[in-house]
Amino acid sequence: MAVIALKCPQYKVTLVDSNAGRIAEWNSDRLPIYEPGLDEVVTSVRGKNLFFSAEIEKNIHEADIIFVSVNTPTKMFGVGAGMAADLQYWEKTARQILTCSDQPKIIVEKSTLPVKTALTMERIVNSDPDGLHFDVLSNPEFLAEGTAIQDLSEPDRVLVGSRLTESGLAARQEIVDIYRNWVPEEKILVSDVWSSELSKLVSNLFLSQRISTINSISAFCEKTGADVARVAKAVGMDHRIGDKFLKAGIGFGGSCFKKDILNLVYMCQTYGLEEVADYWKGVVRINEYQKERFVTNMLQAMFNTLAGKRICLFGFAFKADTGDTRESAAFYIARRLMDEQARLVVTDPKALPNAKIDLAGFGDAVEFERCPYEAAEGCHAIAVMTEWLQYRALDYQKIYKRMVKPAFIFDGRNILDHKALFDMGFNVYPVGKPALTHLHES
Ligand code: UGA
C-alpha cells in the first residue's frame, strides 16, 4: 500500500488495523518491521497520501476501494485442523464492511486464500438483495520479504481477477488503472476471480516444490560425494528449467509456503483428489526431512552427543534481509538441538527480538547475542541458519580461536568458503556436498 501511495499521488491510501499499538508504530520513526527500502518509501509519503489509523469503521465508510489483507493462518482447531485456512478474520471483515458502508465499494482480496474464498466475501456483503452492491476482486500479492520494494516497483506481473459481469469488469478496470501508473501494460494480467486466487497458490507451490526437489537431491549428494551446487548449476542452465530457487539448504520457512501447500492439500482432499493431495504433501514432507536430517548430521558429526555443548546459531530469520521468524527452519532446529540438551547462543542482525519471543519458553538453555564474534565465544559448533551476507565477511580465524576444539561449522545455507574454513582448522559440514573434516577414522 505504501508503494501504491508512492506511485499514485492522486490516490489517498489509509491503512487500518485493530492493533492500535501497531498503528502507532507505523506512525513513528521506528517501523514495526524491517524491510530494506521501506522506511524511505513510508517517510516520503506518510502524512501526504499515506495514512495509518486504528479507526477501522470510519475508514471503511469513507473508502471507495478496500484491499483486505487480514491474516489467514492455518486453522488449528476443528474440521481441517492443521491444514485448512482459518477464515474467521476474513469473514469478520466482510461483516464489518457491510455494516459500515452506505455506498457501493470495490473489495479486493489481497490475502492469500483458498480458491473461491472471494465467494464468501461476496455472499456476505451482498446478502441484502435490496441493499448495496459490492464487487469482490482478487489481486494476489507476489512480493517476497527482503525484496518487497523492488518486487513491487518492478513486478514480474500483476494479476487482477473479477467476475465477468458488467460491474465486475468495470471494477477490474479501476484496479488495473491503479497499477498502470507504473507497471507496463503487458505485465498486467486479468482473469476470472478463481483463476486469480489459484494462480497465487500455485506460484508458491511451484517455488516451494523447487526447493524440496533440490533438497531431496542434496541428501543423495551427501551419500554419493556429488556436489549439489554443481548439480543445481548444470541443471539450472537449461533455460527451460532456470536457475532460481535451486539453492539447497535447511528447508524453506516463512509464513506462506507451508500454509499454502497445506491449504491446497486440504482442498484437494475435499474434492476427492487424493493423488494430487499426496503429491503436494511430499513437498512438505521433504522440507521436514531436510530440517531433521540437518540435526541428525550435526549429532553424528559431533560424536553422537550434544548434551551440554554450546552451539551458536548464525541467523534465526527465515531468510536474509528480514526480521521475520515465522516458520523459520532455525526455530525447528533450535528446538531439536535443545531436545539433545545442547545449549544455544542465537545471533541475528535483525531477528533477535522475534527470536526472543519464539524461544521464551526455553529459559537459560538459550542465550541471545548481537555480535557474532561474542556469540561464537566458547562454542563447540556454529550452525548457519540464515543466508545473511554479513556472515560471509566475518573473520573466521578470529572466531576459530575463540571456539572449543575440535571446532565445527554446519553451513545450512552453503554460503561460506568451506575450503578456507577447513584450512583454518574447522570441521566443515555443508548441505549436499562432501564434508571437509580433520577427524579421520583410524
Ligand atoms: C514467498 C514467495 O517467494 C513470494 O512470491 C510470495 O509472494 C510470498 O511467499 C507470499 O506468498 O507472501 P517469501 O516467503 O517472503 O516469499 O520468501 P522466499 O524468498 O520465497 O523464501 C522462502 C523460503 O525459501 C526461505 O526460507 C528461503 O530461505 C527458502 N529458499 C529460497 C531456499 O531454501 N532456497 C532457495 O533457492 C530459495
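Conventions we followed
Residues numbered from 1 in each chain as written. Predicted model: local features only at pLDDT ≥ 70, side-chain atom pairs only at ≥ 80, totals over all residues. Heavy atoms only, no water. Helix = DSSP H or I, 4+ residues; strand = E, 2+ residues; numbered from the N terminus. Rg over C-alpha atoms; globule rule 2.2 N^0.38 Å. Buried < 20%, exposed > 50% of the residue type's maximum accessible area, 1.4 Å probe, protein only. Areas by Shrake-Rupley, 256 points an atom, 1.4 Å probe, with all protein chains shown as cover. Near = heavy atom within 4 Å. Polar contact = N/O pair within 3.5 Å; in protein donor to acceptor, adjacent residues only side chain to side chain. Nonpolar A, V, L, I, M, F, W, Y, C, P; charged D, E, K, R; others polar. Core = buried A, V, L, I, M, F, W, Y, C linked by side-chain atoms within 4.5 Å. Contact = heavy atoms within 4.5 Å. Pairing = 2+ DSSP bridges. Axes fitted to C-alpha atoms, helices over the stretch in contact; angles between N-to-C directions. Expected span 1.5 Å × (residues − 1). Arc of directions from axis to C-beta. Left-handed = near helix turned anticlockwise from the far one by under 90°. Right-handed = clockwise from strand over helix to strand, strands pointing away. Phe/Tyr/Trp six-rings, centres within 6.5 Å; stacked < 30°, edge-to-face > 60°. Lys NZ or Arg CZ within 6 Å of the ring centre and 35° of its normal. Parallel < 35°, antiparallel > 145°, perpendicular 65-115°, else oblique.

The next point concerns the overall build of the protein chain. A count of helical and extended segments in the protein chain gives 17 helices and 13 strands. Here the protein chain has a C-alpha radius of gyration of 24 Å; the compact-globule value for 442 residues is 22 Å, and the two agree. Looking at the 442 residues of the protein chain, the share that counts as buried comes to 49%. Surface accessibility of the protein chain: about 21400 Å² in total, with carbon and sulfur atoms responsible for 54%.

Here the focus is the site of the ligand. The local shell around the ligand holds 20 residues, among which Phe142, Leu143, Lys200, Asn204 and Phe318 are the closest. Between the ligand and Glu141 there is a distance of 3.3 Å, counted from an oxygen atom to a backbone nitrogen or oxygen. At a separation of 2.6 Å, an oxygen atom of the ligand approaches a polar side-chain atom of Lys200. For the ligand, the accessible surface in isolation is 710 Å², of which the surrounding protein chains cover 89%. Take the shell around the ligand: its biggest share by element is four residues, from helix α9 (residues 193-224). Of the residues contributing to the shell around the ligand, the split by class is eleven nonpolar, two polar and seven charged.

This part is about the nonpolar core. By size, the foremost hydrophobic cluster in this structure holds 38 residues, and its most contacted members are Phe294, Ile311, Leu313, Leu337, Leu344 and Phe410. It is helix α13 (residues 329-339) that contributes the most residues to this core, six residues altogether. Residues contacting Leu337, with those up to four places away along its chain left out, are Val295, Met298, Leu306, Ile311, Leu313, Ala342 and Leu344. Counting 32 residues, the second largest nonpolar core, distinct from the first, contains Ala2, Ala5, Val45 and Val158.

What follows is about the sheet that holds strand β11 (residues 381-384). The six strands are arranged β10-β9-β8-β11-β12-β13 in an open sheet whose pairing can be described as parallel. Looking along the sheet, the strands with just one partner apiece sit at the ends: β10 (366-368) and β13 (427-430). Put simply, the sheet's adjacent strands are angled 20° from each other on average, direction ignored. In terms of strand pairing, strand β8 (residues 310-314) meets strand β9 (residues 343-347) through five bridges, oriented parallel. The residue of β9 that forms the bridge with Ile311 is Leu344. Across the sheet, helix α12 (residues 274-301) touches β8, β11, β12 (408-411) and β13, and the angle it forms with β12 is around 165°.

Let us look at helix α5 (residues 88-100). Given a rise of 1.5 Å per residue, 13 residues ought to cover 18 Å, and the 18 Å separating the end C-alpha atoms of α5 matches this to within 8%. Those residues of α5 that sit buried are Trp90, Thr93, Ala94, Ile97 and Cys100. Taken end-on, α5 shows its buried residues confined to a sector of 145°, consistent with a single buried face. Every exposed residue of α5 that faces more than 90 degrees away from the buried side is listed here: Lys92 and Thr99. Looking at the buried residues of α5, the elements they touch are α4 (56-62), β3 (65-68), β4 (106-109) and α6 (117-125).

Looking now at the packing of α9 against helix α11 (residues 257-270). As a packed pair, α9 and α11 sit with axes 9 Å apart at the nearest point and diverge in direction by 115°. Crossing of α9 over α11 shows left-handed handedness. Between α9 and α11, the residues in contact are Leu198, Leu201, Asn204, Leu205, Leu207, Ser208 and Ile211 and Phe257, Asp260, Ile261, Leu264 and Met267, respectively. Broken down by class, the residue content of the contact of α9 with α11 amounts to nine nonpolar, two polar and one charged.

What follows is about the pairing of β13. Along β13, one buried face is formed by Asn427 and Tyr429 and the opposite face, lined by Val428 and Pro430, is buried too. With helix α17 (residues 418-424) bridging β12 and its parallel neighbour β13, the resulting β-α-β unit is right-handed.

With that settled, consider unusual backbone geometry. Cis rather than trans, the peptide bond between Lys405 and Pro406 has omega equal to -5°. Take Pro406: it is sitting in the loop between α16 (396-402) and β12. A positive phi is found at Asn414, a non-glycine position, where the angle reads about 50°. Along the chain, Asn414 turns up in the loop between β12 and α17.

With that settled, consider the packing of aromatic side chains. Per the stated rule, a full pass over the model turns up 13 aromatic pairs. Measuring from centroid to centroid gives 5.1 Å for Tyr279 and Trp280, while their planes differ by 85°, and the two rings are edge-to-face. Ring-pair connections join several aromatic residues into one group, and the members of that group are Phe294, Phe303, Phe408, Phe410 and Tyr429. Across the ring face of Tyr332, the terminal group of Lys291 is positioned such that the distance to the ring centre comes to 5.2 Å. The cationic tip of Lys398 hangs over the ring face of Tyr373; the distance from NZ or CZ to the ring centre is 4.1 Å.

The next thing to look at is the packing of α5 against α6. The interhelical angle for the contact between α5 and α6, taken along N-to-C directions, is 30°, at an axis separation of 9 Å. It follows from the interaxial angle that α5 and α6 lie roughly parallel. In the packing of α5 onto α6, the handedness of the crossing is right-handed. Between α5 and α6, the residues in contact are Trp90, Glu91, Ala94, Arg95, Ile97 and Leu98 and Thr117, Thr120, Met121, Ile124 and Val125, respectively.

This part takes up the side chain of Glu145. Mapped onto the elements of the fold, Glu145 is located in the loop between β5 (135-138) and α7 (148-153). A relative accessible area of 19% places Glu145 in the buried class. Within the structure, Glu145 has its side chain in polar contact with the side chain of Thr322 (distance 3.1 Å). Ignoring anything within four residues of it in the chain, the contact list for Glu145 reads Glu35, Phe318, Lys319, Thr322, Asp324 and Arg326.

By the alternation rule, side chains of β4 split into Ile106 and Val108 and Ile107 and Glu109, which are all buried. Across four bridges, β3 lies against β4 in parallel orientation. Bridge pairing links Val68 to Glu109 in β4. Each parallel crossover has a hand, and for β3 linked through α5 to β4 it is right-handed. Here β4 pairs with β5 via four bridges, running parallel. Counted as the bridge partner of Ile106 is Asp135 from β5. Following the chain from β4 across α6 to the adjacent parallel β5, one finds a crossover that is right-handed.

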